[in-house]
Amino acid sequence: MTAKPSVFDGTNVTNKIEKIELLSIEATSQKEYCENPEDIKNSETTIKFLSVIEKRVWKILEISLVNSSISEIYVKFISNTPLTKAEFKAIYSFLSKENVLNEIEFLMSKLLILHWERNDNFINSFLKNEDWNFTALNFVSYIKDKLTNYKLVVDIENGDSIKLLEKTKEWNYYTYKSNWKIWIFIVSNWEIIMLKKLFEKVTLLNNWLIFCLINNKDLNDTWIWFEWFTWLIYDFDWEQFNQMSKIPWTLELRETNIENYFITNNLVWNWLTEISKFDTNEEKLWVEVNELLPKIYNNIRMQWKFIIANKDKSENENIFEIYINTEKWLELVHTTLSDLVIWLRDLWNNYYLVEDNTWKNIYKLDEHNIFNIVDNKLLNMSVVNTQSLMRWEPTVISNNNEAWIYIFDYNTWKLRKLIDVTNTNLKSLEIDWDMLTISTNFWKNIFFYKDWKIYDFIKWYKIYSWYIYWYLKKWLLGEKFFIKNSFEYMSEYLSEIVTPIKLKTK
């Protein structure tokens with residue numbers, strides 16, 4: 001490789017930032033190996049080089065009508081990405097201007113190029129002039145020729161941007177924005193196939209159906225504001241776009257986590273729509289649109305296999321309907337009222353917590369897809385630690401002035417009530433290994449639990465406290481025995497309690 005000192009120390013490079021960029025080009029050019037014009041065309045050196053040239057000449061260039069820089073357009077070109085006509089004209093014109101070519105020649109003459117025996121003939125013949133200096137004239141002519149024959153130029157004059165929606169094995173989907181309207185087209189086998197209609201919005205779904213929002217007002221079809229918008233459903237059949245169906249009076253369509261289910265709205269109401277795509281034996285495509293929930297809801301959202309929809313009951317209260325998606329239809333699981341947003345939490349084994357910020361209810365989903373009450377005490381709860389419930393630990397559940405301690409029995413897969421606390425003095429529930437301590441204003445009740453069973457101390461033993469320690473003593477003159485938090489260690493002093501028990505806390 002040829003060697004010479006840094007090439008960008010000349011008087012024509014006075015801007016520090018520009019000099020750093022030029023030195024970066026120099027470093028990159030010494031790492032990239034090129035032995036044909038395509039190598040140079042696709043090189044990082046060329047991309048950086050164009051960016052610097054553009055900055056050097058921008059003051060004397062005409063204002064471009066495109067939002068992209070020349071280097072950005074060039075990256076699209078070498079990536080085989082569609083260009084707008086404006087982008088094509090901008091880059092072609094740029095490479096044709098005399099002042100641009102002069103700047104290219106000036107910097108090119110100073111640039112170091114990786115120069116090995118294998119690419120020596122190519123470098124000398126393609127990148128050097130008769131004076132044996134580096135030149136870019138052949139390369140610029142090569143690029144302009146490639147641009148002239150570039151097939152992926154979108155045939156619309158005034159365009160703003162092209163966006164890739166999805167890349168597939170057969171073709172790529174693009175949208176094209178022009179004057180605030182959107183077009184959609186497909187690129188396949190170096191051919192652009194465009195749906196030449198103007199849309200407000202275009203959405204590509206995972207079943208490859210294309211949803212395009214049109215403004216009926218522009219078409220003078222209607223003058224009622226909520227009827228202005230319609231979703232048109234298109235499919236692409238390898239040759240052309242085909243309109244399959246439409247959903248009138250629709251402003252927005254959102255995918256959900258359930259296949260073919262979409263939440264639709266018109267700014268006033270929300271509803272749930274099923275849009276399915278079928279291929280018949282005759283290899284013809286057809287689309288079926290079904291309204292699963294009517295246009296009466298303020299909001300619809302998905303949680304796992306459930307759909308939660310709410311509508312007004314009164315000014316400050318909403319009706320929340322919870323549906324489950326079965327193989328055949330939607331089934332209403334539960335209805336509840338709230339003036340806040342409700343949430344659904346999966347606890348375990350078809351047990352669910354339905355809650356808002358003020359109350360919590362636990363239900364079990366039965367084989368008929370209905371939420372059944374597990375225990376009336378588990379309704380309208382103000383406090384419940386669902387995390388401890390899910391860890392199968394005894395858990396305090398309270399409602400106003402009452403509190404209960406429940407455990408989820410892993411053996412029976414049922415919630416089981418262990419203890420009723422009959423007044424408001426319950427302060428906390430402490431679990432330390434196998435020991436369960438219920439604190440009140442005046443006393444601590446100590447139990448042990450093991451394998452979802454509760455144990456108390458056997459008859460004749462009484463609990464005493466000494467500083468921070470607790471000990472057992474049989475009758476008045478018995479030996480002291482300090483309490484430890486291990487069931488195995490304490491088992492000879494324990495007996496199982498038949499639950500539930502009632503506990504007075506004062």
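Here is what the cut-offs are and how they apply
Residues numbered from 1 in each chain as written. Predicted model: local features only at pLDDT ≥ 70, side-chain atom pairs only at ≥ 80, totals over all residues. Heavy atoms only, no water. pLDDT = per-residue confidence, 0-100. Contact = heavy atoms within 4.5 Å. Phe/Tyr/Trp six-rings, centres within 6.5 Å; stacked < 30°, edge-to-face > 60°. Helix = DSSP H or I, 4+ residues; strand = E, 2+ residues; numbered from the N terminus. Buried < 20%, exposed > 50% of the residue type's maximum accessible area, 1.4 Å probe, protein only. Pairing = 2+ DSSP bridges.

**A short note on the confidence of the model for the protein**
- For the protein, per-residue confidence averages 82 on the pLDDT scale, and 86% of positions sit at 70 or higher.
- Scored below 50 in pLDDT, residues 1–5 shows 11 contacts in the model against residues more than four places distant or in partner chains.

**Focus: the packing of aromatic side chains**
- Evaluated as defined, the whole model comprises 23 aromatic pairs.
- Ring geometry for Phe211 versus Trp231: centroids 6.2 Å apart, planes at 65 degrees, classification edge-to-face. Placement of the pair is Phe211 in strand S8 (residues 210–215) and Trp231 in strand S9 (residues 229–236), with a sequence separation of 20 residues.
- Given a relative accessible area of 0%, Trp231 falls into the buried group.
- For the ring pair Phe448 and Phe457, a centre distance of 6.0 Å and an interplane angle of 80 degrees mean the geometry is edge-to-face.

**A short note on the sheet that holds strand S24 (residues 395–399)**
- With respect to topology, five strands assemble into an open sheet ordered S23-S24-S25-S26-S35, the strand pairing being mixed. Edge positions in the sheet fall to strand S23 (383–384) and strand S35 (501–503), since each has one partner strand and no second.
- The pairing of strand S25 (residues 402–409) with strand S26 (residues 414–421) spans seven bridges and is antiparallel. Residue pairing in the sheet places Tyr406 in a bridge with Lys417 of S26.

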